[in-house]
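Take a look at the letters that make up each chain.
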Amino acid sequence: MTSRDLRTAHESAPSKIALRGAAKRFVDAEGKTTQALSPVDLEVRDGEFVCLVGPSGCGKSTVLNLVAGLDQASEGEVLVRGEPVRGPGPDRTVMFQEAALFPWLTVAENVRFPLDVAGVARSEASGRVEQYLRMVHLWKFRDARPHELSGGMRQRAALARSLVVEPDILLMDEPFGALDAQTCEMLHAELETIWQRTKKTVLFVTHNVREAVRLADRVVVMGTRPGRIKRVLEVDLPRPRDQEQRDVGLLASVLRAELKVEIEKVLREEVDDGWRPTQGPVRPGPDRGMGGGI
Ligand SMILES: Nc1ncnc2c1ncn2[C@@H]1O[C@H](COP(=O)(O)OP(=O)(O)O)[C@@H](O)[C@H]1O
Ligand SMILES: [Mg+2]
């Protein structure tokens with residue numbers, strides 16, 4: 001095969017994840033309809049790290065749940081490796097803000113749990129549990145119970161549990177949203193290393209623009225009322241990046257300015273007396289909460 005053939009083969013390979021006109025409407029018991037997501041198009045390449053950012057309620061989790069197969073699109077298509085998603089599968093694991101570890105199981109037993117469910121043989125399972133606990137630097141804590149761990153350690157255990165089934169795609173919904181800034185930074189570095197080593201495709205939801213710029217190959221900016229994609233931005237900065245570095249901060253300000261309009265829209269709908277947030281320049285800030293620097 002020539003390099004040209006290789007390139008053609010690569011270009012014609014289906015996207016790892018594709019949403020084509022995918023939309024989601026929820027209908028409640030009284031028949032009231034919420035358009036959580038208006039039709040969106042998004043293609044994620046094999047091995048790509050894509051972050052979704054946007055204000056609360058713009059449909060970030062909805063996109064993730066559609067790809068995870070936890071929800072079904074009301075319109076359009078959601079494809080993984082060119083095949084329609086029909087439900088959850090071991091090729092796509094989801095990690096949430098809460099580690100959701102079983103409190104009565106040890107760290108190792110928690111990580112092993114999905115392998116037991118999948119009927120993986122004992123010796124194979126033990127090997128994999130060790131491999132992934134070592135990868136997230138928790139091997140020493142394998143016999144601890146979740147309540148004995150810090151928040152960051154619990155998320156690392158959850159990450160090991162996501163990785164142990166060796167999925168192709170990691171879906172992460174604000175996984176570090178509840179952690180302090182230093183722990184977050186460490187986990188960003190760990191996640192980046194693991195992503196580079198394992199070549200997973202990652203779809204990562206956050207409302208923190210700096211986190212998105214720190215981690216992503218591409219940032220998808222979403223808007224609200226109704227949930228939609230506003231803009232997609234390539235992050236062409238060398239890795240590893242530092243959340244505090246200047247060019248990360250500059251890109252984050254661009255994104256933050258874009259989102260300011262969206263957040264104000266939400267705020268206006270959430271007050272009953274026409275109150276408006278004070279106008280002012282968009283300041284770069286520590287933005288633990290995305291609204292923080294605004
Ligand atoms: N199961 C549901 N039933 C009704 N409405 C929902 C449901 N899940 C989400 N929504 C609505 O859909 C919109 C998008 O939600 P979500 O994807 O959770 O947003 P985000 O993750 O960006 O905060 C919100 O308005 C939310 O209230
Ligand atoms: Mg969400």
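Residues numbered from 1 in each chain as written. Chains lettered and ligands numbered in written order. Predicted model: local features only at pLDDT ≥ 70, side-chain atom pairs only at ≥ 80, totals over all residues.

Helix and strand counts for the protein chain stand at 8 helices and 10 strands. Here the protein chain holds 294 residues, and 37% of them are scored as buried. Restricting to contacts in the protein chain with at least 6 residues of sequence separation, those with at least 24 account for 71%. (Helix = DSSP H or I, 4+ residues; strand = E, 2+ residues; numbered from the N terminus. Buried ≥ 20, exposed ≤ 12 C-beta atoms within 10 Å, placed from the backbone. Contact = placed C-beta atoms within 7 Å.)

This part takes up the nonpolar core. One finds Cys51, Val67, Ala160, Leu203 and Val219 to be the most contacted residues of the largest nonpolar core, which totals 69 residues. Top element by residues in this core is helix H8 (residues 246-270). It accounts for 6 residues. Two domains share this core, each providing at least three of its residues, namely domain 1 (14-86 + 172-179 + 201-293) and domain 2 (92-166). Cys51 has contacts with Phe204, Thr206, Ala212, Leu215, Ala216, Val219 and Val220, leaving out every residue within four places of it along the chain. (Core = buried A, V, L, I, M, F, W, Y, C linked by C-beta atoms within 7 Å. Domains from an automatic or database assignment.)

Near ligand 1, the surroundings consist of Phe26, Thr34, Ala36, Gly54, Ser56, Gly57, Cys58, Gly59, Lys60, Ser61, Thr62 and Gly227. Of all the elements in the fold, those that place two or more residues in the shell around ligand 1 are strand S2 (33-44) and helix H2 (60-68). Counting residues per element, the shell around ligand 1 draws most heavily on H2, at 3 residues. Grouping the amino acids of the shell around ligand 1 by side-chain chemistry returns 3 nonpolar, 8 polar and 1 charged. (Near = placed C-beta within 6 Å. Nonpolar A, V, L, I, M, F, W, Y, C, P; charged D, E, K, R; others polar.)

Taking 1.5 Å per residue, 25 residues should reach 36 Å; H8 reaches 34 Å between its end C-alpha atoms and fits that length. Along H8, the largest kink reaches about 30 degrees and is centred on Leu259. Taken together, the buried positions of H8 are occupied by Val248, Leu251, Ala252, Leu255, Arg256, Leu259, Glu262 and Ile263. In this structure, the buried side of H8 is in contact with strand S3 (49-53), helix H7 (209-215), strand S9 (218-223) and strand S10 (228-234). (Expected span 1.5 Å × (residues − 1). Bend = angle between axes of the 7 residues up to and from the residue.)

Looking now at the environment of His188. When you line up the elements, His188 lands in helix H6 (residues 181-198). Sequence spacing of His188 and Arg214 is 26 residues, and the spatial spacing of their C-alpha atoms is 7.9 Å. When neighbours within four sequence positions are excluded, His188 is seen to be in contact with Arg214 and Leu215.

This part covers the packing of helix H3 (residues 107-117) against helix H4 (residues 122-135). H4 packs onto H3 with a crossing angle of 130 degrees between their chain directions and a minimal axis gap of 10 Å. Comparing their axes, H4 and H3 come out oblique. Of the two possible hands of crossing, H3 and H4 adopt the one that is right-handed. Along its contact with H3, which presents Ala108, Val111, Arg112, Leu115 and Asp116, the element H4 presents Ala125, Arg128, Val129, Tyr132 and Leu133. Of the residues that constitute the contact of H3 with H4, the class distribution is 7 nonpolar, no polar and 3 charged. (Axes fitted to C-alpha atoms, helices over the stretch in contact; angles between N-to-C directions. Parallel < 35°, antiparallel > 145°, perpendicular 65-115°, else oblique. Left-handed = near helix turned anticlockwise from the far one by under 90°.)

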